[in-house]
Amino acid sequence: MTLEELILNCKNQDLKAQEELYKKFSGILFSVCLKYSPNYHEAEDNLQDAFITIFNRIEQFKGKGSFEGWMKRVTVNTVLQKYRKQRVFNLSNEEQLEEEAVIEIEDNAVPLDFLLKIVQELPDRYRLVFTMYVLDDYTHKEISEIVGISVGTSKSNLARARGILKIKVEDYYKINQLK
Amino acid sequence: MKKKKNIDKLFKERFKNFEANPSPDIWNKIQAKLKEKDDRKVIPLWIKLGGVAALFALIFTIGNSLLNAPLNKIKAPIVNENPAKINSESYNNIIVANNDVIQDEIVSTEDKNEIKTTNEVLIKKPSNTTNNSNGVYSSKITVVSNNKNSRVSKKQAQQHLIQDSKAIIKGQEAVAKGNTNLADKTKDQLINKNSEINKNVEAVAVNENVKDTPENPSSTEKKEVVKEENKKSIFDAINETSEEQVVIAKLDNTPDNRWEVTPNVAPVYYNSLNEGSSIDPSFSDNPKNGELNIAYGIKVSYNLNKRLSMRSGLSNVNLSYSTTGLDLGTGPLAVSTASIEYFSRNNVTIVVDKGALVNQNSDDPFGNITPKSTNGEPLLNQKISYYEMPLELNYTLVNKNFGISVIGGFSTLLLAINEVSVEAGDFNEVLGKASNLSPLSFTTNVGLGLNYSFSKKLMFNIEPMFKYQLNPYTDSSVNFKPYYLGIYSGLSFKF
């Protein structure tokens, strides 16, 4: 079955087509959920919700642009709805924030699992902003509109997220260098 | 080898081809949720049908007594059906005219029935969705493409359609022969509908132009964003998905709050649909006055979905009505009205039809009622109070800040207070209670719900309700068909 046929059958609520679509794209969309969710368990819940939304909305996919891109956006939106309302209290506004964080490290010294774990451990809004900006190439303007924060807040959230991640990566690196 | 690395770059590189597989049972959960949604779609339909059935049952119940004039029944369908037929045919002509513009030479169809059906689709759309010109536009396309498939000459098709229209218009004229007013009315409607269609076609044309323009600013905006941030813009995508969200929100039928509690109070007016008396058949033609009383209680609703809710509760309904045109007398219990269960066992106040005491035969063993002189017009009052437990369906027609709904259902009535009294001037006496009232009876309810939401949790309601009593009396020979009208108002708390 081609992707077009698959989409058409999904539009007709064909369960087999829906299953095939799930099998085909669950890996990619689950990675999206993992990046935006605080843990594995919630990522799975979000994946479920995202697929339900996709199947319900598939009628609205008119073939403009890539289907995968459309599904990713639906997934990101589904996850964002859950976490964007949670507040992050900035306790150290006076602190000077670095625009860029640089670390000295060897290639592939830090495993992907660890990087994912520390992204997930970030406070909700830091995680959303960091993932959107760094991993999914959203601009601060877009983030501010989608998450419902100002561009300034988006930038400061990103800087804080970077700061936290930098410390954690450095700590990990140091510990593993000593071993 | 150690090297300085931007933290963004580090994450970006590592997550570049990141893909992970969820646990295998996730699909089962999704499947279960999809099925659950399908099931949910089925249940409300049955409940809706149930609600409609309840309303129909009510209409048929009261229909017999209300709609006794057979002429109305015959006239109504003629007026409603025929204009529709003629209009459909005239639309067909208009569509052929449209096709003339769209296609230069060939307008066609395999057979005229087919064009008729496709055209009918088009006809429905403009009248339903006057604002949604896109819908009209897409339908128009269907007609045109159908026409292209099978090639019969334009003239032929037009002739068929025109002949059809003529035939039906002739038929219509024949039907309307006896009634010229009706024919005039039909023509007027035709003209109106035609102008409506023309408007729609214009709207389509305008909309097609408008449709193209918004894309240009968005694409320029897109370029600006790319320049500014050197990143791809997804504004279009966001707009698209947010539009989709709105649609989904509309489709999502799950109510925000399932439960609703409404303490309410209502003035209720009690009366009978026909003449007759529940107290004594001889009072059937006496003037009777329904009185305004108060009902109060609490209702609990469960929202099955955003439109349909089921509700029950408990309320106390006080009803009363008075009969006039009477004379009062005193006499033994044996000659008293049978349907009054007197509290006293000796000589009692007896209520008789006006003039009955003057004509009484002194030899008659029952004619020993002594007239009672009173300084005012005697009134026989019946007071009834019920505990009412309704079971109603509420179907929301308008679901905005200001809402409108229709309500239909049944109530169970438990008799609480039952009192018959007389008053005349300063004389006032409770005689006893009516012996023929059912301790348990039912009503069919129908009403209109108007509400105003102050917030998601708080709502003000006004509900004019009509409740018809099904079996108020134990004695089926009583020719008294009571109903009560109430205007229930209250505040709903949702949770």
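What counts and what doesn't
Residues take numbers from 1 onward in each chain, read along the sequence in its written order. All chains are assigned letters beginning with A, and all ligands numbers beginning with 1, in the order in which they are written. Residues qualify for local features only when their pLDDT is at least 70, as the model is predicted, and side-chain atom pairs are given and counted only at 80 or more; totals for whole chains, interfaces and linings, by contrast, use all residues. By the criteria applied, helices consist of DSSP H or I runs no shorter than four residues and strands consist of E runs no shorter than two, each listed in order from the N terminus. Any residue surrounded by 20 or more other C-beta atoms within 10 Å of its C-beta is treated as buried, while 12 or fewer makes it exposed and the intermediate range makes it partly exposed; C-beta atoms here are placed from the backbone. Remark: residues whose backbone-derived C-beta atoms lie within 7 Å of one another are considered to be in contact. By definition, two strands form a pair when at least two bridges between them are found by DSSP. The classification used treats Ala, Val, Leu, Ile, Met, Phe, Trp, Tyr, Cys and Pro as nonpolar, Asp, Glu, Lys and Arg as charged, and all other residues, Gly among them, as polar. Here pLDDT means the predictor's own confidence in every residue, given as a number from 0 to 100. Note on method: axes are straight lines fitted to C-alpha atoms, helices fitted across the in-contact stretch only, with angles between N-to-C directions ranging 0 to 180 degrees. For classification purposes, angles smaller than 35 degrees are called roughly parallel, those larger than 145 roughly antiparallel, those between 65 and 115 roughly perpendicular, and all remaining angles oblique. Crossing handedness: left-handed means the near helix sits turned counterclockwise from the far one by under a right angle, and right-handed means the same turn made clockwise.

1. Quick notes on the overall build of chain B
Summing up its helical and strand segments, chain B has 9 helices and 15 strands in all. Burial status across chain B gives 27% buried among its 495 residues. A separation threshold of at least 6 residues defines the contact pool for chain B, and within that pool the share at least 24 residues apart is 73%.

2. Comments concerning the overall build of chain A
Of the regular secondary structure elements, chain A holds 8 helices and 1 strand. Beginning at the N terminus, the succession of helices and strands in chain A can be written as α-α-α-α-β-α-α-α-α. Burial statistics for chain A: of 179 residues in total, 36% are counted as buried. Sequence separation of at least 24 residues holds for 67% of the intrachain contacts in chain A that already meet a minimum separation of 6.

3. Remarks on the sheet that holds strand 8 (residues 348–353) of chain B
Residue and element names in this part refer to chain B. Reading across from one edge, 8-6-9 is the order of the 3 strands in this open sheet, with antiparallel pairing throughout. If you trace the sheet from one side to the other, it starts and ends with strand 8 and strand 9 (370–371), each paired once. As paired strands, strand 6 (residues 326–331) and strand 9 are joined by 2 bridges and run antiparallel to one another. Its bridge partner lying in strand 9, glycine 329 is registered against proline 371.

4. Structural notes on the interface of chain B and chain A
Quite often, the size of an interface is put as the accessible area lost when its parts meet. Residue-level contacts link 36 residues of chain B with 39 residues of chain A. Among the elements of the structure, strand 1 (2–6), helix 1 (7–14), helix 2 (25–66), helix 8 (215–229) and helix 9 (235–251) of chain B are those that each provide at least two residues to the side of chain B that touches chain A. The dominant element in the side of chain B that touches chain A, judged by the number of residues it contributes, is helix 9 of chain B, at 7 residues. Among the residues making up the side of chain B that touches chain A, the classes are represented as 19 nonpolar, 4 polar and 13 charged.

5. Some remarks on unusual backbone geometry
Across the chain, the bulk of peptide bonds are trans and the bulk of non-glycine residues have phi less than zero. Residues and elements named next belong to chain A. Of note, the phi angle at glutamine 13 is positive, near 60°, even though the residue is not glycine. Inspection of the secondary structure puts glutamine 13 in the loop between helix 1 (3–11) and helix 2 (15–36). Despite not being glycine, aspartate 137 has its phi angle at roughly 60°, a positive value. Mapped onto the fold, aspartate 137 is located in the loop between helix 6 (124–135) and helix 7 (140–148). What makes aspartate 137 partly exposed here is the crowd of 13 C-beta atoms within 10 Å.

6. Observations regarding the confidence of the model for chain A
Taken over all residues, the pLDDT of chain A has a mean of 85, while the share at 70 or more is 90%. Counting interchain partners and residues more than four positions distant, the pLDDT-below-50 stretch residues 91–95 of chain A has 0 contacts.

7. Brief notes about the packing of helix 2 of chain A against helix 3 (residues 40–57) of chain A
All names here are of chain A. Contact geometry for helix 2 and helix 3: axes closest at 10 Å, N-to-C directions at 135°. Classified by the angle their axes make, helix 2 and helix 3 are oblique. With respect to the hand of their crossing, helix 2 and helix 3 are arranged in right-handed fashion. Taken together, the residues of helix 3 that come into contact with helix 2 (itself represented by Gln18, Tyr22, Ser26, Leu29, Phe30, Cys33 and Leu34) are Ala43, Asn46, Leu47, Ala50, Phe51 and Phe55. Its residues assigned to classes, the contact of helix 2 with helix 3 comprises 10 nonpolar, 3 polar and no charged.

8. Comments concerning the pairing of strand 14 (residues 458–469) of chain B
Residue and element names in this part refer to chain B. Looking at chain direction, strand 13 (residues 440–453) and strand 14 are connected through 9 bridges and run antiparallel. What sits directly across from threonine 443, in strand 14, is glutamine 469. Counted along the chain from strand 13 to the antiparallel partner strand 14, the turn is 4 residues long. Taken together, the 11 bridges between strand 14 and strand 15 (residues 482–494) define a ladder with antiparallel strand orientation. Bridging across to strand 15, methionine 459 finds its partner in serine 492.

9. Here's the deal with the confidence of the model for chain B
All names here are of chain B. In this model, chain B carries an average pLDDT of 68, and 51% of its residues clear a pLDDT of 70 or more. Below a pLDDT of 50 lies the segment residues 173–180, which in the model reaches 6 contacts outside its immediate sequence neighbourhood of four places, other chains included. Overall, residues 201–229 carries pLDDT values under 50, and its contacts beyond four positions in sequence, including any with other chains, amount to 20 contacts. Complex prediction metrics read pTM 0.39 and ipTM 0.89.

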